[in-house]
6 protein chains.
Amino acid sequence: MTRADGRAANEMRKVKITRNYLKYAEGSVLVEFGDTKVICAATIEEKVPPFLKGSGEGWVSAEYSLLPRSTQSRNVREAARGKLTGRTHEIQRLIGRALRSVIDLKALGEKTIWLDCDVVQADGGTRTAAITGSFVALVDAVNSMWGQNSKPFPVKDFLAAVSVGVLQDGVYLDLCYSEDSTAIVDMNLVMTGSGQFVEVQGTGEKGTFDQDKLNEMLTVGGQGINMLLDIQKETLGALSWKVGREG
Amino acid sequence: MTRADGRAANEMRKVKITRNYLKYAEGSVLVEFGDTKVICAATIEEKVPPFLKGSGEGWVSAEYSLLPRSTQSRNVREAARGKLTGRTHEIQRLIGRALRSVIDLKALGEKTIWLDCDVVQADGGTRTAAITGSFVALVDAVNSMWGQNSKPFPVKDFLAAVSVGVLQDGVYLDLCYSEDSTAIVDMNLVMTGSGQFVEVQGTGEKGTFDQDKLNEMLTVGGQGINMLLDIQKETLGALSWKVGREG
Amino acid sequence: MTRADGRAANEMRKVKITRNYLKYAEGSVLVEFGDTKVICAATIEEKVPPFLKGSGEGWVSAEYSLLPRSTQSRNVREAARGKLTGRTHEIQRLIGRALRSVIDLKALGEKTIWLDCDVVQADGGTRTAAITGSFVALVDAVNSMWGQNSKPFPVKDFLAAVSVGVLQDGVYLDLCYSEDSTAIVDMNLVMTGSGQFVEVQGTGEKGTFDQDKLNEMLTVGGQGINMLLDIQKETLGALSWKVGREG
Amino acid sequence: MTRADGRAANEMRKVKITRNYLKYAEGSVLVEFGDTKVICAATIEEKVPPFLKGSGEGWVSAEYSLLPRSTQSRNVREAARGKLTGRTHEIQRLIGRALRSVIDLKALGEKTIWLDCDVVQADGGTRTAAITGSFVALVDAVNSMWGQNSKPFPVKDFLAAVSVGVLQDGVYLDLCYSEDSTAIVDMNLVMTGSGQFVEVQGTGEKGTFDQDKLNEMLTVGGQGINMLLDIQKETLGALSWKVGREG
Amino acid sequence: MTRADGRAANEMRKVKITRNYLKYAEGSVLVEFGDTKVICAATIEEKVPPFLKGSGEGWVSAEYSLLPRSTQSRNVREAARGKLTGRTHEIQRLIGRALRSVIDLKALGEKTIWLDCDVVQADGGTRTAAITGSFVALVDAVNSMWGQNSKPFPVKDFLAAVSVGVLQDGVYLDLCYSEDSTAIVDMNLVMTGSGQFVEVQGTGEKGTFDQDKLNEMLTVGGQGINMLLDIQKETLGALSWKVGREG
Amino acid sequence: MTRADGRAANEMRKVKITRNYLKYAEGSVLVEFGDTKVICAATIEEKVPPFLKGSGEGWVSAEYSLLPRSTQSRNVREAARGKLTGRTHEIQRLIGRALRSVIDLKALGEKTIWLDCDVVQADGGTRTAAITGSFVALVDAVNSMWGQNSKPFPVKDFLAAVSVGVLQDGVYLDLCYSEDSTAIVDMNLVMTGSGQFVEVQGTGEKGTFDQDKLNEMLTVGGQGINMLLDIQKETLGALSWKVGREG
C-alpha cells in the first residue's frame, strides 16, 4: 500500500512543536502531527483535589476537546450538549494518567497542573499528539516555578505517545484519519524516555490480532516514539537537561 | 494618557485576518486584533431550526467559546460545568443577530450557516473580532456553494464591529484588556459597509454617560469600522465584488 | 399609524406600581406597563459572591423568568428544561447591571440584594418594566435595613428603563407586543434620575438605522424615562427623599 | 388552642377564586386560601404524550413552582439549579393525577391540558389550593373549546382538595404555614363533588396516628371539601351546570 | 376472582428477607415479596445534612432505583438520562420519611444513615418491600455501631409496609404487577410494631372510593402488616429484643 | 507472596455464572469472580442508533453501573449526580466494543442488543467479570429470537476477559481489590475462543513496564482466559454448539 502522503510504513508524519504558543499560560505549545493540530496549555493551580488535601503531594489532570470544525463534519459542542462524550472522558483520563507517570508528585508539592488540549484540526492521532505536546508544555510550566533551586526537578523522564495500526496489508505507524477509519487493529502506545511502556492499548476495531501482530506493532511504535523523543529534546533545547535531574 | 502600545486614541490595534485557516470548514479565518486571536469557522448545514421549516428561508447562528487558557487565569470549561455562562449566551446571540442583518435569508434558502468562534487568546474585544472575522468566513462559506450562477449573492453588505470606551481622560478605540477593565463606559458598535448601525450597545460599567460622550463614541467607533472594512475587502480580494451583487 | 390603544407615538401605556405586593419579601412590587405585569421581589442576603468576600462591598443580582402562560402560546418552563435560555441570561444580566449603577456597593456593605422578576403577563417591554419596578422594590428593601441612621443611603439616584422602536412610519415609545414584533429597530434605554445614560441598546432587528433615527429614539425614550421617574417618586412618596442622601 | 386568625378548628381560611386572571391562557384563576396565593393556568395543546399517540384519548398534566419570594426565606429557583426538587415532583404528580380522576379522557380526545400552578405566596396548603383552583381553570379551558355541541362535557364531576392536621390538642382544618410546621400528622384529601375520595394522603410527620384520629381527620376534611365545592360552583356560575352533563 | 398464584384475597406473597446480603455495607438484606426482589443496603455516614449541623441530631435518607431489566420492558437508566423521574423522587422520599418515624434521631447523634434500595426484579410492591427490608438493614447497621452500651437503642419500634388495592370484585392484599396495573384504587400503608399508622396513601387510579372501601383496605392492610412484622422479628432473631429498648 | 485466599499466582478466583437470573430479560446471568458479583442483562430492542438506520446492520451497546454499596465506602449514585463518571464511560465503551467483536452485525439485522451490567459487589475485576458474564447473557438473548432456522448464528466466537497485574514480586492473575490497589501495572485482556486478542490494555499505574513483563502478563492472562472459556461452555451446555455455526 502506498500511503496518501508517500510515507514509509514506519515513518511519522511531519511533527512540529511550537513552544510558548499562548501569552498567558505557564506553558503552552501548538503540536502538529501532519494536519493534526492541538493546542496544549499547562496551568499551575495552587490547590489539589480533595483526596490529596494535606498529603503534600500534587496532581496532574487533563482536559481534551475538539473545536467544532476540527473535524470533517461539524461536531456539536459538548458545552452546548451539557455533557462530555464517553470518547472525551476516555481520552482525557488517558492523557492525565500518562503524564502523571513521569511526574514526581511529592516533589511537585500540593499543586495541580492542568493540561488543556484543544484540537484545532483532527486528522487522526489527536490523543497521541496531545500527550506528546502536553509533555513539552508541562516541562515549561514546571520550569517556570522551579527557578534555580537545587531540589530535584519534578519531571522524571521524557514521555511521548504514538499510534500504530494494522491495515489490510500490514502494520503502519502514526495513522492519519483516512487510514485510521479503515484500520483492523488500532494501538496507542505511551512510552518514556528510557524505553519503558506506560500504556499499551490495542483494540481490534474490525478484527482480532495475534501475538505476532502485537509484537510487530510494538516494534514499529517504538520507532515512532524514538523520533518523537528526539523532536521533544530539540524543541526543549537546554531545558531538556533538567528532565530527570535529581537536584 | 499614553496607551501601552503607543497607539493614538482613535487607532486600531494591528488587525490581521488569515483566510482558510482550517482544512475542513466551508469558510474559516484566524482573526487577530493585536493579541486577541479568534478562530472563526463557518459550516453550512442542510437544515433549519424548527420555526423555519418549510418557509424557504435560511438561518445564521453563532457559537462562542473561550479556550481555558485564552485568559490570564484559567477559566473553567463550559463543557465541564455542563452549561454556558450568561456572558457566552449574550455574545453568541449578538454575533448571530449581527450577521443575519447582512444576509438575505430568502436567497440563502433552507440552510443554516453556523459560525463557531473559538477564542485562542483574549486581550479585549473578542466579540468584535469574532463578528469582523466571522463575516469573512461567512462570505467564503456562501461562495463555496454559490458557484457561477446568476442569482443574487446572499451576502448583501459588509459588516464589521469594534469596541470603544470612555476612560478617565477621554474616548478610546478598540480597548485591550487592561484598558477595558478600567473603562467607565464600554460600547460595542456593529455597522454595515454602507455606514448604517446594526447594533449600538453602550454600557456604563463604572459610571454613566451623557449625549455628548455618546456622540463622541459613535464618531470614533465609526472610524474604527472603516478601517476594518478596508481590511476585510483587502483580505477577500476579488470576492469582495460579490458582496451586495444582485445577480 | 394609529396605535391599537389610541396612544400618541411618544406616550407610555398606563403604568402602575403596587408596593408591598408580597408578604415575606423585604421589598416587592407588582409593576404594570399596560397588560405587561411583572412581580419584582427584593431579598437581602447576608453574603456576597466569592469574588467580593472580604472586600467590604455588596452586590446586586437579578433573576428573570416568564410564567408559562404569561405569553400567547405556552412557553416551556426553564426548570423543566434544566437550563435557562440565552434570552433569560441576557435580560437578567441587564437588570442586575442597571441596578448596580445606582447603588453605592461600599455603603451597602457585604450583602447581596437579589431582585426576582417574574413575569405574570408579557405584552412587550418586560425587561424595562422589570428594571423600573425593581428599582422601587430595591429602595424598599434597602430602607428596611437602614433605619434612622445617618450614614449615606446606598441608593444614589433614581433609575428607570423604557423601550422605543422604529416602526414603518416612525419612532414609537413603549412598544406593546404586537408593535414590538414588527419593529425594524428596537432600543432599550436605561437612565438615571439625573438624566444620564446607563444602557443604550439599539438593535436593527429587521433593518439598520442611521444617526438621525438614533437621535430621535434617544429623544423620545428620554421623554418616557421622565414619565416613569415621576411615577416612581409618587409611588415611593416620602421615601423618595432618601434616594441620593449623603447622610 | 386559639388559631392565629381566630378561626374555629373546622373552619377554612377565607377562600377566593378569581377567574380569567390571565389574558392569554385558555383558562386561568388566582386562587387564595388566606395568604396562600396560586396562579393556575390551563393550556390546551393539540398533542398527547407518546404512550397515548393514536389512542384517541387525551391527557392532563400539571406543573408546580414556587416563586422565589413566595416563601419566608428566598428559595433558589429550580431553573437556576437545573432540576426540580423531589417535593415539586411529588406535588405536580399529585395535581395531575387528581384532575385526571374527573376528566373523561376519551371525550377529551387527543389533546393535552397543561395546568401551570405558580405559587405567588405560600402560607401552607399550596397543593390543595392549586388543585382546587386548577379545577376551575380546567373547566374554563375545556369550555372554551366545547362550544354548543351536544357531546358529553369531558369534566365529569367537581373536585376539591384540602389539608387537615393533628396538632397538640386536636384536629384542625386547612393549616396555615405556622400550624403546618408544628403538625404531628398532616393529611391531604382530594374529593369529588359526589363525596368520593380520590386521594387520601396521611403522613405522621412528628408522630403516628390511630384509626380514630384518621376518622376524625376524614370527617373534618370532608367539611372543608364541601365549603370549597360551594365556592367553586358560585365562581363558575352557569358553567357549573355543564360539569357532569352527558350531552 | 382467583389470583394468578392461588393466594387468598388477604394473603401475602411468599416473603423472604436474607440478612447480610452484601459484604461491605453496615447492614444489608435481599428482600423478596414473591418475584419482587430488592437489595436494601444501610450505610452510616459521619455527617448530617446542612440544616442539622450542630444540632446533635442525626438523619435517615433513602435512595431508590430500578435496575434496567428489573421491569418487563427495559427502563432507561436515570444516570444516563441525567435526572431522576418524579416516581423515583416520590418513592425515595416516602422510604426516608417512613424510617425516620421509628428512629430516635437524637439518640442516633450527628450521623446520617443512607438506605439504598435497588430493585433487582419488579413485580409490584417494590416500595413496600423496600421499606420492610430497609427496616431490617437499618437495625443491623445501627447495631453494628451500638455495641454493648446501655444507652437507649435508637430504633424505637418495628416498621413494615404493604400495598392493598380495590380490584373489580373486592379488596386484595399485596398486589403483584398484573393486579396492580388493573387496580381501581391503590393504597400503600406503613405501620409500626405497635399498630399505629405512619403513612396512609390511597389513590383512586381508575376510580374513586368511599369510606367503607377505605376501612376495608385498612383492615386487610393491617393483617398484611402483622405478617410482615412476624417475619422481620424471626429474621432479626435475638436482635429483635433491642428494638424499642430504653437502655 | 501468598495471596489472601491462598491461590497460585496464575489461578483464577472461584468463577460462577448463573443463567436466567432475571425473570423478564431476554438473557441474564449473575456472574461471580470470587466476591465480585455482577448482574448482566441482555435486552433486544427493535431499533438501531441513527448512524445505522437503513443499513440492515445491528448494534451491541453496554451500560455499567456500581450499586452504591457494592464498594467498601458508599459511592454516590451517578443518577443523583446527574452524570456518569469518566470511569463508567470508559468501562461501558470497553464492554460494548468487546462484545461487538464476536457478533456478526449483518446477521443480527437492524436490532440493538443492550447489555446492562450492574455490579452488586465489587472486589476487583468488575469489567472483566462483566464482559465474561455478558457474553453468556448475549448468547441466550440471541438464541431466544433465533429459533430453529438455518441462518448463521450471529455470535461468531466465544469471548472472555481477565485482569492480570504486576505486583511487587511478580505477575498475578485475576486481581482482587486489595491486590489491584497496590498493583504496579494493571492489564485487562479480552480474547476470543480461538485465542485471538480483542483488547490489550496495559497501564503502568504506579510504575512502567518492559517487553518481558508485557509478555509474561499476556501468557498468564491467556491461561485465565482459557479457564473462563471452559466455564462459559459448561454453563451454556448444548447452546455452546451454536456459537460460530454458519447455519
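This text goes with the structure placed above it.
Procedures and definitions
- Residues numbered from 1 in each chain as written.
- Chains lettered and ligands numbered in written order.
- Predicted model: local features only at pLDDT ≥ 70, side-chain atom pairs only at ≥ 80, totals over all residues.
- Heavy atoms only, no water.
- Least-squares fit on C-alpha atoms with pLDDT ≥ 70 in both.
- Contact = heavy atoms within 4.5 Å.
- Pairing = 2+ DSSP bridges.
- Helix = DSSP H or I, 4+ residues; strand = E, 2+ residues; numbered from the N terminus.
- Axes fitted to C-alpha atoms, helices over the stretch in contact; angles between N-to-C directions.
- Parallel < 35°, antiparallel > 145°, perpendicular 65-115°, else oblique.
- Left-handed = near helix turned anticlockwise from the far one by under 90°.
- Nonpolar A, V, L, I, M, F, W, Y, C, P; charged D, E, K, R; others polar.
- Buried area = accessible area lost by both parts, 1.4 Å probe.
- Salt bridge = Lys/Arg side-chain N within 4 Å of Asp/Glu carboxyl O.
- Expected span 1.5 Å × (residues − 1).
- Buried < 20%, exposed > 50% of the residue type's maximum accessible area, 1.4 Å probe, protein only.
- Phe/Tyr/Trp six-rings, centres within 6.5 Å; stacked < 30°, edge-to-face > 60°.
- Lys NZ or Arg CZ within 6 Å of the ring centre and 35° of its normal.
- Polar contact = N/O pair within 3.5 Å; in protein donor to acceptor, adjacent residues only side chain to side chain.

Looking now at the relation of the copies chain B and chain A. In screw terms, the move from chain B to chain A is a rotation of 180° and a rise of 0.0 Å along the axis, fitting with an RMSD of 0.0 Å. What we have between these two chains is a two-fold relation. Comparing contact sets, 100% of the residues at the interface of chain B also lie at the interface in chain A, consistent with an isologous, same-surface contact.

Each copy superposes on the other: chain A lies on chain F with an RMSD of 0.0 Å after a rotation of 180° and an axial shift of 0.1 Å. Comparing contact sets, 100% of the residues at the interface of chain A also lie at the interface in chain F, consistent with an isologous, same-surface contact.

With that out of the way, let us pick up the sheet that holds strand β9 (residues 197-204) of chain B. Ordered by their spatial adjacency, eight strands build an open sheet running β7(B)-β6(B)-β8(B)-β9(B)-β9(C)-β8(C)-β6(C)-β7(C), and the pairing between neighbours is antiparallel. Either end of the sheet is taken by a strand with one partner, and the two such strands are β7 (170-173) of chain B together with β7 (170-173) of chain C. Each adjacent strand pair in this sheet contributes to an overall mean axis angle of 15°, direction not counted. Bridge analysis of strand β6 (residues 159-167) of chain C against strand β8 (residues 185-192) of chain C gives eight bridges, and the strand direction is antiparallel.

Okay, the packing of helix α4 (residues 126-146) of chain D against helix α6 (residues 211-236) of chain D next. Residue and element names in this part refer to chain D. The interhelical angle for the contact between α4 and α6, taken along N-to-C directions, is 30°, at an axis separation of 11 Å. Taken together, the axis directions place α4 and α6 in an arrangement best described as roughly parallel. The two elements α4 and α6 meet at a crossing, and its hand is right-handed. In contact with Thr 132, Phe 135, Val 136 and Val 139 of α4, α6 contributes Leu 228, Gln 232, Thr 235 and Leu 236. The class makeup of the residues in the contact of α4 with α6 is five nonpolar, three polar and no charged.

Turning to the interface of chain A and chain F, a few remarks are in order. Counting residues at the interface gives 25 residues for chain A and 25 residues for chain F. Together chain A and chain F conceal approximately 2400 Å² of surface at their shared face, both sides included; 50% is due to carbon and sulfur atoms. For the chain A face of the interface with chain F, the top three residues by lost area are Glu 90, Phe 197 and Thr 208 of chain A, together amounting to 23%. At the boundary of chain A and chain F, one finds two salt bridges. Note that Arg 93 of chain F is salt-bridged to Glu 90 of chain A, the shortest N-O span being 2.7 Å.

Side chains three or four residues apart in an α-helix point the same way, a direct result of the helix having 3.6 residues per turn. All names here are of chain D. Look at α6: 37 Å from first C-alpha to last across 26 residues, which is about the 38 Å you get at 1.5 Å a residue. Turning to α6, its buried residues number three or more, namely Leu 214, Met 217, Leu 218, Val 220, Gly 221, Gly 222, Gly 224, Ile 225, Leu 228, Leu 229, Gln 232 and Leu 236. Directly after α6, the chain includes Gly 237, whose backbone phi takes a positive value near 60°.

Bringing the packing of aromatic side chains into the picture now. For the structure on display, the rule yields 18 aromatic pairs over all chains. Where Phe 209 of chain A meets Phe 197 of chain F, the ring centres are 5.5 Å apart and the plane angle is 40°; that geometry is what we call tilted. You can see Phe 209 of chain A sitting in the loop between β9 (197-204) and α6 (211-236) and its partner Phe 197 of chain F sitting in strand β9 (residues 197-204), one on each of two chains. For the pair formed by Phe 209 of chain A and Phe 197 of chain F, the shared burial category is buried. Above the plane of the ring of Phe 158 of chain C lies Lys 233 of chain C, whose end atom (NZ or CZ) is 5.1 Å from the centre.

Listed by partner, the interface residues are 34 residues for chain B and 34 residues for chain A. Approximately 2900 Å² of surface area, both sides summed, lies buried where chain B meets chain A, with 52% of it carried by carbon and sulfur atoms. Connecting chain B to chain A are 16 salt bridges. For Arg 77 of chain B, the salt bridge goes to Asp 118 of chain A, with nearest N and O atoms at 2.9 Å. Along the contact surface separating chain B from chain A lie 24 residue pairs in polar contact (both at pLDDT 80 or more). If you list the elements that add at least two residues to the side of chain B that touches chain A, you get β3 (36-45), β4 (59-66), α1 (78-81) and β5 (112-121) of chain B. Counting residues per element, the side of chain B that touches chain A draws most heavily on β5 of chain B, which supplies six residues. Class assignment of the residues belonging to the side of chain B that touches chain A gives a composition of 16 nonpolar, seven polar and 11 charged.

All names here are of chain D. Inspection of the secondary structure assignment puts Thr 128 in helix α4. In terms of polar contacts, Thr 128 uses its side chain to reach the backbone carbonyl oxygen of Gly 125, at 3.0 Å. Once you skip the residues sitting within four places of it in the chain, Thr 128 turns out to touch Phe 33, Ala 161, Val 162, Ser 163 and Asn 188.

Attention now moves to the side chain of Thr 132 of chain B. All names here are of chain B. Mapped onto the secondary structure, Thr 132 falls in helix α4 (residues 126-146). In terms of polar contacts, Thr 132 uses its side chain to reach the backbone amide nitrogen of Ala 161, at 3.2 Å. If near-sequence neighbours (up to four positions away) are discounted, Thr 132 is found in contact with Ile 17, Phe 33, Ala 160, Ala 161, Leu 228 and Gln 232.

Another aspect to go through is the sheet that holds strand β3 (residues 36-45) of chain A. Residue and element names in this part refer to chain A. Here we have five strands laid out as an open sheet, ordered β1-β2-β3-β5-β4, and mixed in their pairing. Every other strand in the sheet has two partners, leaving β1 (15-19) and β4 (59-66) as the edge strands with one partner each. With strand direction ignored, the average angle separating the axes of adjacent strands in the sheet is 20°. Across nine bridges, the pairing between β3 and strand β5 (residues 112-121) is antiparallel. Of the residues in β5, the one forming a bridge with Ile 44 is Ile 113. Most of the contacts of helix α4 (residues 126-146) go to β3, to which it runs at about 35°, and overall it touches β1, β2 (27-33), β3, β4 and β5. Packed on one face of the sheet, α6 meets β1 and β2 and runs near 25° to β1.

Residue and element names in this part refer to chain C. Within the fold, Lys 206 resides in the loop between β9 (197-204) and α6 (211-236). Along the sequence, Lys 206 and Leu 167 sit 39 residues apart, while their C-alpha atoms lie 10.0 Å from each other. Residues contacting Lys 206, with those up to four places away along its chain left out, are Ser 181, Thr 182, Ala 183 and Ile 184. There is a polar contact of 3.1 Å between the side chain of Lys 206 and the backbone oxygen of Ser 181.

Note that all results are geometric; they support no functional claim without further evidence.
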